Number of protein chains: 2
Amino acid sequence: MKNKNKQFAVIGLGRFGTSVANALYKLGCEVLAIDADEERIQKFSEEVTHVVQADTTDENSLKALGIRNFDVVVVAIGEDIQANVLTTLLLKDLGVKYIVAKARNELHGKMLSKIGADRVVYPERDMGQRVAHNLVSTNVLEFIELSPNLSIVEITAPKSLVGQSLAEANLRAKYEVNVVAIKRGEELIVPPLPDEKIKTGDILIFVGQTKGVRKLEELE
Amino acid sequence: MKNKNKQFAVIGLGRFGTSVANALYKLGCEVLAIDADEERIQKFSEEVTHVVQADTTDENSLKALGIRNFDVVVVAIGEDIQANVLTTLLLKDLGVKYIVAKARNELHGKMLSKIGADRVVYPERDMGQRVAHNLVSTNVLEFIELSPNLSIVEITAPKSLVGQSLAEANLRAKYEVNVVAIKRGEELIVPPLPDEKIKTGDILIFVGQTKGVRKLEELE
Ligand SMILES: Nc1ncnc2c1ncn2[C@@H]1O[C@H](COP(=O)(O)OP(=O)(O)OP(=O)(O)O)[C@@H](O)[C@H]1O
Ligand SMILES: Nc1ncnc2c1ncn2[C@@H]1O[C@H](COP(=O)(O)OP(=O)(O)OP(=O)(O)O)[C@@H](O)[C@H]1O
Ligand SMILES: [Ca+2]
Ligand SMILES: [Ca+2]
Ligand SMILES: [Ca+2]
Ligand SMILES: [Ca+2]
């Protein structure tokens, strides 16, 4: 089964929950959005398949919604850690197959994993790290750590590289990174050939070992 | 000047602000963290260079902190839109060179840009979109849109590709994507050679046109 044909439910229509629900719906999925707050529900009713007002810490409400028939349930309740944890517990008990839960901090996240959340997400923490990396080096437009060792970085071509071909710049040998794309104005060169010459204003996108990528960020 | 040697200030120690401040500090930067709430300040005092309790909607407090001498100020006040907007306005007036501001929604973001924020961030919205993409296809571990046309995706090797070399799979021609790395257990192959054979359990990381990447997500 394609995941697009799965039944999704999103609990908690804060900014994160709203964004997940909207994006799933735009990707063509069936989405039920749930919130305890009547006002939030009304504001949101046009944007997903179904909306319903319910307190998900109440087992009977969850049963009445037929929540066990959903394939993926996202718990996006934020401030109220108790409600977040209790909801996750009940979903697990009721046999929901895949539960994604939003955590406020590491301790909360550990608890959610123990309870049986299949995936724990930390939206504010992750975006904070991303923004910090992007701020630290002058040329860096994006820095994303894909895994503890592997990163992707998007930098404005440093002056020292302009005029060289990718082969001449030889970044692969020096930094263990791979140029995967060049943005040149409206043009997107993906993947670029070794004899492609780096021009002023080019945006270079690299993937490589985090250590090498971090050294690249320091180029001027 | 390397950005590492710049002076950073972060206003508002919610989850996002805390994460930005911590990450900047770990990257070796000088960071001043500011919050109106005495308790938050005390909890945070070990983790950055300096912390100070101040209401940043008060121009005199900002002046007393010498905020104009900071190179980058991050406004991470969340719930209180008025305080967020007023703080940004005052920072601009006082001549701060680079202001990053966190927005709750698009309208708020537009307002911040008009006022003069140099970069507006939407942590919850962006992470929500990312999580939704990751949930939609079975094999996808990560999906990140680097720009409207360029995406990176991390997928578990689909059965149909196992046993083929990268050259044989010929994904570049079929989907306009580039395999930039393979994770195989603890091993990280970056960049992989064309004759590398795809094995069961491999995690393949691609960069390419968003359209091609989305098609790849559907492979089984
Ligand atoms: N028991 C509950 N059942 C259903 N919904 C709930 C329950 N408790 C809280 N919610 C809803 O969860 C939503 C999100 O919670 P909250 O605003 O506290 O999170 P947040 O971390 O600030 O989110 P964000 O940062 O993504 O905006 C709210 O709309 C709230 O009404
Ligand atoms: N006028 C102000 N001056 C300084 N700090 C302020 C001011 N107003 C609010 N803050 C601080 O901003 C911090 C973050 O705000 P808040 O918790 O509302 O954001 P949030 O969007 O929920 O954040 P997150 O989702 O990242 O946790 C709080 O610690 C709060 O004390
Ligand atoms: Ca909230
Ligand atoms: Ca808060
Ligand atoms: Ca909040
Ligand atoms: Ca938040």
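Everything numeric in this text was worked out from a predicted model, so none of it was measured.

Quick look at the relation of the copies chain A and chain B
Overlaying chain A with chain B gives an RMSD of 0.2 Å, the required rotation being 180° about an axis along which the chain moves by 0.0 Å. One copy is carried onto the other by what is essentially a two-fold rotation axis. Of all interface residues in chain A, 100% are interface residues in chain B too; the two copies therefore contact each other through one and the same surface.

What to know about the coordination of the calcium ion (ligand 5)
Glu79(A) (OE) and Glu79(B) (OE) make up the full set of protein donors to the calcium ion (ligand 5), lying at 3.0 Å. The distance between the calcium ion (ligand 5) and the calcium ion (ligand 3) comes to 3.3 Å. Pair noted here: Glu79(A) is in the loop between strand E4 (72-75) and helix H4 (81-93) and Glu79(B) is in the loop between strand E4 (72-75) and helix H4 (81-93), and the two residues belong to different chains. For the pair Glu79(A) and Glu79(B), a shared accessibility class is recorded, and that class is exposed.

Things to note about the sheet that holds strand E2 (residues 30-35) of chain B
In a beta sheet, neighbouring strands pair by backbone hydrogen bonds and run either parallel or antiparallel. All names here are of chain B. Reading across from one edge, E3-E2-E1-E4-E5-E6 is the order of the six strands in this open sheet, with parallel pairing throughout. Every interior strand has two partners, whereas the edge strands, strand E3 (50-53) and strand E6 (119-121), have only one. On average, each strand axis in the sheet is tilted by 15° relative to the strand beside it, whichever way the strands run. Sheet analysis places E4 next to strand E5 (residues 98-102), joined by four bridges and oriented parallel.

Comments concerning the pairing of strand E8 (residues 150-156) of chain B
All names here are of chain B. Counting buried residues in E8 gives six out of seven residues, a clear majority hidden from the surface. Where E8 lies against strand E11 (residues 203-209), seven bridges are found, and the strand directions are antiparallel. Its bridge partner being in E11, Ile 155 is matched across the sheet by Leu 204.

Section: the site of ligand 1
Neighbouring ligand 1 are 22 residues, the closest being Arg15(A), Phe16(A), Asp35(A), Arg40(A) and Asp55(A). Interatomic distance of 2.9 Å between a backbone N/O atom of Glu79(A) and an oxygen atom of ligand 1. In this structure, Arg15(B) approaches ligand 1 through a side-chain N or O atom, which is 3.1 Å from an oxygen atom. Across the complex, the protein chains shield 87% of the 650 Å² of accessible surface that ligand 1 would expose by itself.

Let's talk about the UniProt feature "domain: RCK N-terminal" (unreviewed entry) in chain A
Taking the numbering used here, the UniProt-annotated feature "domain: RCK N-terminal" (unreviewed entry) corresponds to residues 5-121 of chain A. Annotated as residues 5-121 of chain A, this span is 41% helix and 23% strand, and its ends, taken at the C-alpha atoms, are 23 Å apart.

A short note on the interface of chain A and chain B
Chain A puts 63 residues into the contact, and the matching count from chain B is 63 residues. Carbon and sulfur atoms make up 64% of the area that chain A and chain B hide from each other, which totals about 5,600 Å². Among the residues chain A hides against chain B, the three largest losses belong to Arg15(A), Glu124(A) and Leu135(A). Together they make up 14% of the total. Remark: the boundary between chain A and chain B carries four salt bridges. A salt bridge links Glu124(B) to Arg15(A); the nearest nitrogen and oxygen atoms lie 3.7 Å apart. At the surface where chain A touches chain B, the tally comes to four residue pairs in polar contact (both at pLDDT 80 or more). For the side of chain A that touches chain B, the element with the most residues is helix H6 (residues 123-136) of chain A, which contributes 14 residues. Here the residues of the side of chain A that touches chain B sort into 32 nonpolar, 13 polar and 18 charged.

Regarding the site of ligand 2
Neighbouring ligand 2 are 22 residues, the closest being Arg15(B), Phe16(B), Asp35(B), Arg40(B) and Asp55(B). Residues lining ligand 2 come from chains A and B. In this structure, an oxygen atom belonging to ligand 2 sits 2.8 Å away from a side-chain N or O atom of Arg40(B). Between a nitrogen atom of ligand 2 and a side-chain N or O atom of Asp55(B), the distance comes to 2.9 Å. About the coverage of ligand 2: the protein hides 87% of its 650 Å² of free accessible area. Here the residues of the shell around ligand 2 sort into seven nonpolar, five polar and ten charged.

Description of the environment of Ala54(A)
By secondary structure assignment, the location of Ala54(A) is in the loop between strand E3 (50-53) and helix H3 (59-64). Sequence spacing of Ala54(A) and Asp37(A) is 17 residues, and the spatial spacing of their C-alpha atoms is 7.9 Å.

Quick notes on the coordination of the calcium ion (ligand 6)
Octahedral metals with six donors have ideal donor angles of 90 or 180 degrees. Tetrahedral metals with four donors have an ideal donor angle of 109.5 degrees. Surrounding the calcium ion (ligand 6) are the protein donor atoms Glu124(A) (OE) and Glu124(B) (OE), at 2.1 to 2.2 Å. Taken as a pair, the calcium ion (ligand 6) and the calcium ion (ligand 5) lie 3.8 Å from each other. Note that Glu124(A) is positioned in helix H6 and Glu124(B) in helix H6 (residues 123-136), a pairing that runs across two chains. The pair formed by Glu124(A) and Glu124(B) is uniform in burial state, with each residue classed as buried.

Examining H6(B)
Residue and element names in this part refer to chain B. Look at H6: 20 Å from first C-alpha to last across 14 residues, which is about the 20 Å you get at 1.5 Å a residue. Taking burial as the measure, the 14 residues of H6 include eleven buried ones, the bulk of the element. Every buried residue of H6 is listed here: Pro 123, Glu 124, Met 127, Gly 128, Arg 130, Val 131, Ala 132, His 133, Asn 134, Leu 135 and Val 136.

Here's the deal with the layout of surface pockets
Counted as a void, the second largest pocket has a volume near 680 Å³. Residue lining of the second largest pocket: 24 residues in total, with Arg172(A), Asn178(A), Pro191(A), Arg172(B) and Asn178(B) positioned closest to the centre. For the lining of the second largest pocket, the secondary structure elements donating two or more residues are helix H7 (166-169), helix H8 (171-175) and strand E9 (177-184) of chain A together with helix H7 (166-169), helix H8 (171-175) and strand E9 (177-184) of chain B. The class makeup of the residues in the lining of the second largest pocket is 18 nonpolar, four polar and two charged.

Procedures and definitions
- Residues numbered from 1 in each chain as written.
- Chains lettered and ligands numbered in written order.
- Predicted model: local features only at pLDDT ≥ 70, side-chain atom pairs only at ≥ 80, totals over all residues.
- Heavy atoms only, no water.
- Least-squares fit on C-alpha atoms with pLDDT ≥ 70 in both.
- Contact = heavy atoms within 4.5 Å.
- Donors = N, O, S within 2.8 Å, 3.2 Å for Na, K, Ca; no water.
- Helix = DSSP H or I, 4+ residues; strand = E, 2+ residues; numbered from the N terminus.
- Buried < 20%, exposed > 50% of the residue type's maximum accessible area, 1.4 Å probe, protein only.
- Pairing = 2+ DSSP bridges.
- Axes fitted to C-alpha atoms, helices over the stretch in contact; angles between N-to-C directions.
- Near = heavy atom within 4 Å.
- Polar contact = N/O pair within 3.5 Å; in protein donor to acceptor, adjacent residues only side chain to side chain.
- Areas by Shrake-Rupley, 256 points an atom, 1.4 Å probe, with all protein chains shown as cover.
- UniProt positions renumbered as here; feature names shortened; annotations may be inferred.
- Buried area = accessible area lost by both parts, 1.4 Å probe.
- Salt bridge = Lys/Arg side-chain N within 4 Å of Asp/Glu carboxyl O.
- Nonpolar A, V, L, I, M, F, W, Y, C, P; charged D, E, K, R; others polar.
- Expected span 1.5 Å × (residues − 1).
- 1 Å grid on protein atoms, 1.4 Å probe; cavity = no way out; pocket = protein on both sides within 12 Å on 5 of 7 lines; lining within 4 Å.
- Points joined across faces, edges and corners; volume = space filled by probe spheres on them.

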